[in-house]
Amino acid sequence: MTENAKKKLFIKTWGCQMNVYDSSRMADILRPLGYSSVDGPEDADMIILNTCHIREKATDKVFSEIGRLKKHKDEKEAKGGKMIMAVAGCVAQAEGDFILQRAPVIDMIFGPQTYHELPEMVLKANGNERVVNTDFPVISKFDHMPTEQNQGAAAFLSIQEGCDKFCTFCVVPYTRGAEYSRSPESIIEEAHKLADNGAKEITLLGQNVNAYHGEAKDGKIWGLARLIEEMAKIDAVKQIRYTTSHPRDMDDDLIRAHGDIKKLMPFLHLPVQSGSDKILKAMNRKHTADRYRDIVADLRKVRPDLVFSSDFIVGFPGETDQDHEDTMQLIRDVVFASAYSFKYSARPGTPAANMTNLVREDVKSARLTELQELIAAQYLDFNKSCVGTTTQVLFERKGRRDGQLQGRTPFYQAINVQANERLIGEIVDVIVTEATANALVGEVKTSESILKSA
Ligand code: 5AD
Ligand code: SF4
């Protein structure tokens, strides 16, 4: 082994699935340079903080983490070693210069569109140059990523990035830039590679994934439905998901695909944010609450077992009790299997940050609690309704308890099952035996049960 092959890389990731994916791709890029991933910052040769800027106090959190990690760098350097400390992701993009000034300990600051330039950046940082790279390069990073990656049975594949929707509360159009779709050929090729490496499930990723419109070599534009259809033809790929989608881009082809393509899993994350038309308008969401209800109904018509999850913001400026009640009513009407919900927080540089009719913090908190209780009750009901049914489970990893494996059902429920370790990476029939608010418990149905925890 060369000296080079021993470098330790620690990446800490905040935020969305896209960031999780980006972190694993950064590790792929750095591997040929001799870096291999470790689970902690101790004695690392490089630490990357892959940050998220979407909600409140994002920058503060990054600075306190830098403060905590600095001692590892000091210790390493006291021993004559070197540690590169970097901030990546959306906080780096939005606050690059500020971090440069405020945190002299940071060697590299780079935004999400520049990861393919990491080797050059590392070279500079190794030469004791501080690097700031927050451009939106003309060349797509996707064309410059290594093809080698090993994500296991449930893999992610980034197909689209950025957003042109400009919801008034959201920083994404500013940190991730304009919407960009990869070419269908490069995506299908990557899907084949992931399948060759054992992927049974592929989740297509994008900030606005159903706005996907990739141009093929023949000049034809593919929508998401077409892409999913092609991907479903790959034998080894058994399950397909996509996230995150926008109601505006839920076109007829995509709705039909949910009925026609059995590999497309019956779980859809479709953020609505609010059930009040007045608030949706102020958010610039470009759809009404009833339009959302109609999309859900159309989808359930073609795929009756489809379950939904969503994102909600409570306490957007101007939100009255009635607006909040409209959101609660939408939740009662649609019935969600899960949801992410947040108190509105002003993000600097977004249009909503200038709005004045703010909602009091205690009112926001009360609304959030009420909403979360309703969603939790709906999720528990759904989980309970699964007890006694047989479901397919893709086992992803060992569970917390001895002899247990953890996996996901088609409805994206977490499930724990006593099962032999060799079933990791397999899709297995499981009988659901118990349900809690957050997860299911089950038993392997087939003859594999004899092998349980053997
Ligand atoms: N305040 C609160 N929540 C927000 N989100 C995005 N921006 C804000 C904000 N300023 C939430 C939205 C989005 C999710 C990823 O984060 O619900 O769908
Ligand atoms: Fe943000 Fe709206 Fe774009 Fe989603 S659709 S990333 S919430 S601006």
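Note that the structure is predicted; figures quoted are calculated from it, not measured.

**Regarding helix α10 (residues 289–302)**
Step number 1: Spanning 14 residues, α10 covers 21 Å between terminal C-alpha atoms, matching the ideal 20 Å at 1.5 Å per step.
Step number 2: Ala 289, Tyr 292, Ile 295, Val 296 and Leu 299 are the residues of α10 that are buried. Angular distribution of buried residues about the axis of α10 spans 120°; they occupy a single face of the element.
Step number 3: Buried-residue contacts for α10 involve α8 (252–260), β14 (267–269), α9 (277–282), β15 (307–314) and α11 (321–334).

**Thoughts on the site of ligand 1**
Step number 1: Looking at ligand 1, the residues that line it are Ile 54, Arg 55, Phe 169, Gln 273, Asp 311, Ile 313, Phe 342, Lys 343, Tyr 344, Ser 345 and Arg 347.
Step number 2: Note that an oxygen atom of ligand 1 is positioned 2.7 Å from one of the side-chain N or O atoms of Arg 55.
Step number 3: Computed on the free molecule, ligand 1 has an accessible area of 410 Å², of which 89% lies beneath the protein chains in the complex.
Step number 4: For the shell around ligand 1, a count of residues per class yields 5 nonpolar, 2 polar and 4 charged.

**Focus on the pairing of strand β7 (residues 154–158)**
Step number 1: Among the 5 residues that make up β7, 5 are buried, leaving the element largely enclosed by the rest of the structure.
Step number 2: Where burial is concerned, the two faces of β7 agree: the one with Ala 154, Phe 156 and Ser 158 and the one with Ala 155 and Leu 157 are both buried.

**Some words on the sheet that holds strand β16 (residues 338–343)**
Step number 1: Read across the open sheet, the 3 strands follow the order β14-β15-β16; overall the sheet is parallel. Edge strands, defined here as strands with exactly one partner in the open sheet, are β14 and β16. When the angles between neighbouring strand axes are averaged without regard to direction, this sheet yields 10°.
Step number 2: In terms of strand pairing, β14 meets β15 through 3 bridges, oriented parallel. Looking across to β15, one finds that His 269 is bridged to Ser 309.
Step number 3: Against the sheet, α10 touches β14 and β15, its axis set at about 165° to β15.
Step number 4: Each of β15 and β16 is contacted by helix α12 (residues 361–385), which is oriented at about 175° to β16, the strand it contacts most.

**Thoughts on the pattern of salt bridges**
Step number 1: For the coordinates displayed, the defined rule picks out 32 salt bridges.
Step number 2: Note that Lys 12 is salt-bridged to Glu 65, the shortest N-O span being 3.9 Å. Placement of Lys 12 in strand β1 (residues 7–13) and of Glu 65 in helix α2 (residues 58–78) is noted, with a sequence separation of 53 residues between them.
Step number 3: Between Lys 398 and Glu 421 there is a salt bridge whose closest N-O contact spans 3.6 Å. With Lys 398 in strand β17 (residues 390–398) and Glu 421 in the loop between β19 (414–418) and β20 (427–435), this pair connects stretches of sequence that are 23 residues apart.
Step number 4: According to the relative accessible area criterion, Lys 398 is exposed, its value standing at 51%.
Step number 5: Members of the salt-bridge network, linked through shared partners, are Lys 8, Asp 43, Asp 45 and Lys 76.

**What to know about the side chain of Lys 364**
Step number 1: Position of Lys 364 relative to the elements: it lies in helix α12.
Step number 2: Given the relative accessible area of 7%, Lys 364 is considered buried.
Step number 3: Among the polar contacts made by the side chain of Lys 364, one reaches the main-chain carbonyl oxygen of Tyr 344 at a distance of 2.9 Å.
Step number 4: In this view, Lys 364 contacts Val 314, Gly 315, Lys 343, Tyr 344 and Val 359; residues no more than four positions away in its chain are not counted.

**Observations regarding the pairing of β17**
Step number 1: Direction of pairing for β17 relative to β20: antiparallel, over a ladder of 5 bridges. In the sheet register, Gln 392 faces β20, and the bridge partner there is Asp 429.
Step number 2: Here β17 runs beside strand β18 (residues 404–408); their pairing, made up of 4 bridges, is antiparallel. Paired with Lys 398 across the bridge in β18 is Leu 405.
Step number 3: Here β17 folds back onto β18 in antiparallel fashion, the turn holding 5 residues, of which Gly 403 has a positive phi close to 80°.

**With respect to the nonpolar core**
Looking at soluble globular proteins, one finds that nonpolar side chains tend to be buried together.
Step number 1: Judged by nonpolar contacts, the single largest core of 53 residues is most densely connected at Leu 204, Leu 224, Met 231 and Tyr 242.
Step number 2: The residues contacting Met 231, other than those within four sequence positions of it, are Leu 157, Ile 187, Ile 188, Ala 191, Ile 202, Leu 204, Val 237 and Ile 240.

**Examining the sheet that holds β1**
Step number 1: On the basis of which strands lie adjacent, the open sheet formed by 6 strands has the order β2-β1-β3-β4-β5-β6 and parallel pairing. Taken across any chain shown, the strands that pair with only one partner, and hence form the sheet edges, are β2 (35–37) and β6 (131–133). Within this sheet the neighbouring strands show an average axis-to-axis angle of 20°, counted without direction.
Step number 2: Pairing between β1 and strand β3 (residues 46–51): 5 bridges, direction parallel. Each bridged residue has a counterpart across the sheet, and for Phe 10 the counterpart in β3 is Ile 47.
Step number 3: Each of β3, β4 (84–88), β5 (108–110) and β6 is contacted by helix α3 (residues 89–102), which is oriented at about 130° to β5, the strand it contacts most.

What counts as what
Residues numbered from 1 in each chain as written. Chains lettered and ligands numbered in written order. Predicted model: local features only at pLDDT ≥ 70, side-chain atom pairs only at ≥ 80, totals over all residues. Heavy atoms only, no water. Helix = DSSP H or I, 4+ residues; strand = E, 2+ residues; numbered from the N terminus. Expected span 1.5 Å × (residues − 1). Buried < 20%, exposed > 50% of the residue type's maximum accessible area, 1.4 Å probe, protein only. Arc of directions from axis to C-beta. Contact = heavy atoms within 4.5 Å. Near = heavy atom within 4 Å. Polar contact = N/O pair within 3.5 Å; in protein donor to acceptor, adjacent residues only side chain to side chain. Areas by Shrake-Rupley, 256 points an atom, 1.4 Å probe, with all protein chains shown as cover. Nonpolar A, V, L, I, M, F, W, Y, C, P; charged D, E, K, R; others polar. Pairing = 2+ DSSP bridges. Axes fitted to C-alpha atoms, helices over the stretch in contact; angles between N-to-C directions. Salt bridge = Lys/Arg side-chain N within 4 Å of Asp/Glu carboxyl O. Core = buried A, V, L, I, M, F, W, Y, C linked by side-chain atoms within 4.5 Å.

Everything listed here is a matter of coordinates, which is why it stays silent on function.
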